[in-house]
2 protein chains.
Amino acid sequence: MHQKKEIINKLRSSNLRPTKQRILIAKKLFDRKETFHFTAETLNKVVNRKGQTRISLATIYNTVEAFKKAGHIREILTNNSKSYYDTNIKSHHHFYDPQTKKLTDIDYQEVILKKIPNPPKGKKIKDLEIVISLQKK
Amino acid sequence: MHQKKEIINKLRSSNLRPTKQRILIAKKLFDRKETFHFTAETLNKVVNRKGQTRISLATIYNTVEAFKKAGHIREILTNNSKSYYDTNIKSHHHFYDPQTKKLTDIDYQEVILKKIPNPPKGKKIKDLEIVISLQKK
DNA sequence: AATCCAGTTTATAATTATTCTAAACTGGAA
DNA sequence: TTCCAGTTTAGAATAATTATAAACTGGATT
Ligand SMILES: [Mn+2]
Ligand SMILES: [Mn+2]
Ligand SMILES: [Zn+2]
Ligand SMILES: [Zn+2]
């Protein structure tokens, strides 16, 4: 699905020089069927599996920030002390399970908002995020 | 509105010994007209204004956690690195302004949800929070 | 009222997540 | 091939929070 060339184009078009570190990270992030909800820590683990060319944690952070700024990933709201990111950049919502600290996508159309408030004057709505926290039944 | 006796009862009924630190913090939190959205840092500033009996930052954190566990305050979702708390424990939502890092209440009835997804099996919904981030118009 | 102790407070250290720094490296334009 | 702005990196620094352990105190018991 995501060939190396596509990844390189994606990086180039966002003014990100396609270094071997960024290409590897992009592969790990985008070359998968399901959307990926991750923290710097989990991404670091995935990227730095045995054997693979080692990428520093600083680069993990730098790249996550760069991809976020470029709009390739988005940050998600949680109450966890770590920052969570999402490879699904379409507008959608999340279940959050505080037990497992795992996020699950909720498709945009699975929530229908009948009424939302007007933003304060001088401001407009940038984003509306819904987080549904779960507990054991 | 919140007399000292009420505060002491509130603490007692949650199995929190009404120490002078907790009583002072509770006053600062609950003896106000508007709901209060705060971080450990802002609460510390409010509590430790000139003159007042000094309360350690550790106690600020301990008390916030105790009040949260007792259900007197709730934690709010934001992407900020600090934890945000709310004296309004009724179910409601928020505007978040990333510029000012300020939260504003949205009354529960100002949002009407026409459809929400079913939770995964074995789980039930503990809470549904909506955060509307703002930007300059 | 004096005693007592579990619960609480506190200063300080430790931990955790993240950002900063500055030196070495490299993609790719020229 | 040269060159340099952009990038990577190890390690230091920062920031928020939590842990530790000694001192203190609310209030029950005597
Ligand atoms: Mn968060
Ligand atoms: Mn938060
Ligand atoms: Zn998602
Ligand atoms: Zn609120």
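A few words on the sheet that holds strand S4 (residues 93-97) of chain A. A sheet is described by the order of its strands in space; here six strands give the open sequence S5(A)-S4(A)-S7(A)-S7(B)-S4(B)-S5(B), paired in mixed fashion. Every interior strand has two partners, whereas the edge strands, strand S5 (102-106) of chain A together with strand S5 (102-106) of chain B, have only one. Strand after strand, the sheet turns through a mean of 30° between neighbouring axes, direction not considered. Note that S4(A) and strand S7 (residues 123-136) of chain A share three bridges and pair parallel. Its bridge partner lying in S7(A), Phe95(A) is registered against Ile132(A).

A few words on the coordination of the zinc ion (ligand 3). Residue and element names in this part refer to chain A. Taken together, His37 (NE2), Asp86 (OD), His92 (NE2), His94 (NE2) and Asp105 (OD) make up the full set of protein donors to the zinc ion (ligand 3), lying 1.8 to 2.3 Å away. Sequence positions of the residues that donate to the zinc ion (ligand 3) give the spacing H-x48-D-x5-H-x1-H-x10-D. A residue pair is termed long-range when its members are at least 10 positions apart, and Asp86 in strand S3 (residues 84-86) and Asp105 in strand S5 qualify at 19 residues. Residue Asp105 is classed as partly exposed on the basis of its relative accessible area, which comes to 23%.

The next point concerns the protein's contact with DNA strand C. Near DNA strand C, the surroundings consist of 19 residues, among which Arg12(A), Tyr61(A), Lys82(A), Thr19(B) and Arg22(B) are the closest. Of all atoms in DNA strand C that approach within 4 Å of the protein, 76% are sugar or phosphate atoms. A distance of 2.7 Å is found between a phosphate oxygen of DNA strand C and a side-chain nitrogen or oxygen belonging to Tyr61(A). Side-chain polar atom of Thr19(B) to a phosphate oxygen of DNA strand C: 2.4 Å apart, as the coordinates give it. Of the residues forming the surface near DNA strand C, the biggest block, three residues, is contributed by helix H4 (residues 57-69) of chain B. Across the surface near DNA strand C, the residue classes tally to six nonpolar, seven polar and six charged.

Turning our attention to the protein's contact with DNA strand D. Surrounding DNA strand D, one finds 19 residues, the nearest of these being Thr19(A), Arg22(A), Arg12(B), Tyr61(B) and Lys82(B). Considering the 4 Å shell around the protein, atoms of DNA strand D inside it are sugar or phosphate in 76% of instances. Between DNA strand D and Arg17(A) there is a distance of 3.1 Å, counted from a phosphate oxygen to a backbone nitrogen or oxygen. In the model, a phosphate oxygen of DNA strand D is placed 2.6 Å from a nitrogen or oxygen of the Tyr61(B) side chain. Looking at the surface near DNA strand D, the elements with two or more residues in it are helix H2 (20-30) and helix H4 (57-70) of chain A.

Time to look at the relation of the copies chain B and chain A. The two copies are related by a screw operation: chain B maps onto chain A through 180° of rotation and 0.0 Å of translation along the axis, at an RMSD of 0.1 Å. Those values place the two copies in the arrangement expected of a two-fold rotation axis. A shared interface surface links the copies, since 100% of the contact residues of chain B are contact residues in chain A too.

Let's shift gears to the sheet that holds strand S1 (residues 37-38) of chain A. All names here are of chain A. The strand order across the open sheet built from three strands is S1-S3-S2, with neighbouring strands paired in antiparallel fashion. Edge positions in the open sheet fall to S1 and strand S2 (74-76), since each of these has one partner strand only. Examined bridge by bridge, S1 and S3 share two bridges and lie antiparallel to one another. Residue His37 lies in a different strand from S3, and its bridge partner there is Asp86.

Before going further, it helps to spend a moment on the interface of chain B and chain A. On the side of chain A, 38 residues touch chain B, which itself brings 38 residues to the contact. Buried area between chain B and chain A, both sides added, is near 3,700 Å², and the carbon and sulfur share of it is 60%. It is Pro117(B), Lys123(B) and Gln135(B) that lose the most area in chain B upon contact with chain A, and together they represent 16% of the buried surface on that side. The tally of links between chain B and chain A comes to two salt bridges. The tally of links between chain B and chain A comes to 18 residue pairs in polar contact (both at pLDDT 80 or more). Of all the secondary structure elements, the ones that give two or more residues to the side of chain B that touches chain A are strand S2 (74-76), strand S4 (93-97), strand S6 (112-115) and strand S7 (123-136) of chain B. With 14 residues, S7(B) is the single largest residue contributor to the side of chain B that touches chain A.

Cut-offs used in this document
Residues numbered from 1 in each chain as written. Chains lettered and ligands numbered in written order. Predicted model: local features only at pLDDT ≥ 70, side-chain atom pairs only at ≥ 80, totals over all residues. Heavy atoms only, no water. Pairing = 2+ DSSP bridges. Helix = DSSP H or I, 4+ residues; strand = E, 2+ residues; numbered from the N terminus. Axes fitted to C-alpha atoms, helices over the stretch in contact; angles between N-to-C directions. Donors = N, O, S within 2.8 Å, 3.2 Å for Na, K, Ca; no water. Buried < 20%, exposed > 50% of the residue type's maximum accessible area, 1.4 Å probe, protein only. Near = heavy atom within 4 Å. Polar contact = N/O pair within 3.5 Å; in protein donor to acceptor, adjacent residues only side chain to side chain. Nonpolar A, V, L, I, M, F, W, Y, C, P; charged D, E, K, R; others polar. Least-squares fit on C-alpha atoms with pLDDT ≥ 70 in both. Contact = heavy atoms within 4.5 Å. Buried area = accessible area lost by both parts, 1.4 Å probe. Salt bridge = Lys/Arg side-chain N within 4 Å of Asp/Glu carboxyl O.

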